[in-house]
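# Structure assessment
Chain by chain, the residues run as shown.
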Amino acid sequence: MTANPIFSSLGTTIFEVMSRLANEHGAVNLGQGFPEGLEPAFLVEAAARAMAKGPHQYPPMLGVPALRQAVAEHDKRFYDIDLDWQREVMVTSGATEALADCLFGLITPGDEVVVLEPFYDSYLPIIRRAGGGARIVRLNPPDWTLPREELAAAFGPKTRLMILNSPMNPTGKLFGDDDLAFMADLLIKHDAVAICDEVYEHLTYGGKRHIPLMTLPGMRERTLRIGSAGKTFSVTGWKVGYVTGAAELLQPVIRAHQFITFTTPPALQQAVAEGLATGDDYYKTLTSDLERRRDFLAAGLAGAGFDVLPCDGSYFLTADIRPLGFSDDGEFCRQLISGKGVAAIPVSAFYESDPPRHFARFCFAKLDETLEEAVRRLRA
Ligand code: PMP
Ligand code: GLN
């Protein structure tokens, strides 16, 4: 059978592979990034109410008005971004769909897309399937610093887009003012568009705040910002996301969306609308809860002999496995599951080629007892 080579040459995503292995071995799953025990009861009740009440038919293609308004109000409240909810907000079935819509909607074959490595695994296949070429710029661990000269060199006459993921998966990096200003200059100079994957926007630690690239001078008209209720409300299985941006920029993205999913379940949209409007306490508690879990797991990993890298945002800690005598992250993660009963993700999976092989990623968005059990097993 012939199949499209871009997809058929790929294996199953590392997240699915590791979750399946974790199940088989009864391992504590700190691999795939999904939270445990953080789902807000008020949100689940809102969804149940909306589900009982209906409607159950196709909602408007751009999303139910209540959610589009709530996204616009959220962006005003947290970032002072003014959005026209009718023309500048679109609801998607998760951030993954939003990313695909943006890439399919904006790439003309031959365009180049600048991507920072390590990156989330859906970016490259979709860029390529859309006919784009990826210009990959690698961040330097342990601080995941941005090599500015290399970034500047990756931009050229064919550059159409840059994808920026901040707070970043898997590194936990939060890009600061200086890096953002440097990127904005390049994007303006090359008349390129930024696709900002900001699914972890509310998960930042140590008093640091996430700054959307869209808020920098000159960026409002050339940025698409993507969020995910899965992360903001700890309900990754719901697959409710949103993309916001200038009407003209969003238009081709809407065209792609109408043929990819067209809509998202209305009851879940209604519940997320209520969620986004909730008071600041919810957001503060989410952050402080996760920060406490981050610190607990970081101490546990350090106690087990890992070199733990800094993490200012996201669900993830990255740890250097070399102090434990390992130099192959894939091998390490397989042994960790079968030998210790703990699942992690090899960071090499976030690279295109020739990756560093000495980092493993651990998700800390878990119940205290889960993290305690993981640490107990790692130390044993
Ligand atoms: N971008 C990044 C960086 C992610 O880590 C994830 C999540 N898992 C997504 C996008 C996809 O989010 P969603 O589950 O809303 O599709
Ligand atoms: N983004 C999540 C992670 O990094 C997983 C998403 C998925 O399983 N596709 O673990």
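Heads up: these notes are all about the structure in this document. (Residues numbered from 1 in each chain as written. Chains lettered and ligands numbered in written order. Predicted model: local features only at pLDDT ≥ 70, side-chain atom pairs only at ≥ 80, totals over all residues. Heavy atoms only, no water.)

### Brief notes about the site of ligand 2
For clarity, the threshold we go by: Whether a residue is near a molecule or strand depends on its heavy atoms: if one lies within 4 Å, it is near. For the purposes of these results, a polar contact is taken to be a pair of N or O atoms within 3.5 Å, where, inside protein, one atom must be able to donate a hydrogen and its partner to accept one; residues adjacent in sequence count only when each atom of the pair is a side-chain atom. Methods summary: accessible areas were calculated by the Shrake-Rupley approach with a probe of 1.4 Å, and residue burial reflects only the protein chains presented. Charged means Asp, Glu, Lys or Arg here, nonpolar means Ala, Val, Leu, Ile, Met, Phe, Trp, Tyr, Cys or Pro, and polar covers whatever is left, Gly included.
Every residue lining ligand 2 is accounted for by Phe-15, Gln-32, Gly-33, Tyr-120, Asn-169, Lys-231, Phe-316 and Arg-361. One nitrogen or oxygen atom from the side chain of Gln-32 is found 2.7 Å from an oxygen atom belonging to ligand 2. Within the backbone of Gly-33, an N or O atom sits 2.6 Å from an oxygen atom of ligand 2. Across the complex, the protein chains shield 81% of the 290 Å² of accessible surface that ligand 2 would expose by itself. Grouping the constituent residues of the shell around ligand 2 by class yields three nonpolar, three polar and two charged.

### Some words on the nonpolar core
For clarity, the cut-off: In this text, buried Ala, Val, Leu, Ile, Met, Phe, Trp, Tyr and Cys residues form a nonpolar core when linked through side-chain atoms within 4.5 Å. Between buried and exposed lies partly exposed: a residue is buried under 20% and exposed over 50% of the maximum accessible area for its type, with that area taken using a 1.4 Å probe on protein chains only. Every residue pair with non-hydrogen atoms within 4.5 Å of one another is taken to be in contact.
Core analysis: the biggest nonpolar cluster contains 129 residues, and Leu-116, Leu-151, Leu-213 and Phe-362 have the highest contact counts within it. What Leu-116 contacts, discounting residues up to four positions off in sequence, is Val-137, Leu-139, Leu-146, Leu-151, Met-162, Ile-163, Leu-164, Met-168, Phe-175 and Met-183.

### Some thoughts on helix H12 (residues 280-303)
Cut-off, in case you're wondering: Working definition: helices are DSSP H or I runs of at least four residues, strands are E runs of at least two. Numbering for both runs from the N terminus. Between the first and last residue of a helix there are one fewer steps than residues, each counted as 1.5 Å, and that sum is the expected span.
In a regular helix each residue adds 1.5 Å, so 24 residues correspond to 34 Å; H12 covers 35 Å between its end C-alpha atoms and thus fits that length. For H12, the full list of buried residues reads Tyr-282, Tyr-283, Leu-286, Thr-287, Leu-290, Arg-293, Arg-294, Leu-297, Ala-298, Gly-300 and Leu-301. Note on H12: the residue one or two positions beyond its end, Gly-305, has a positive phi of about 105 degrees.

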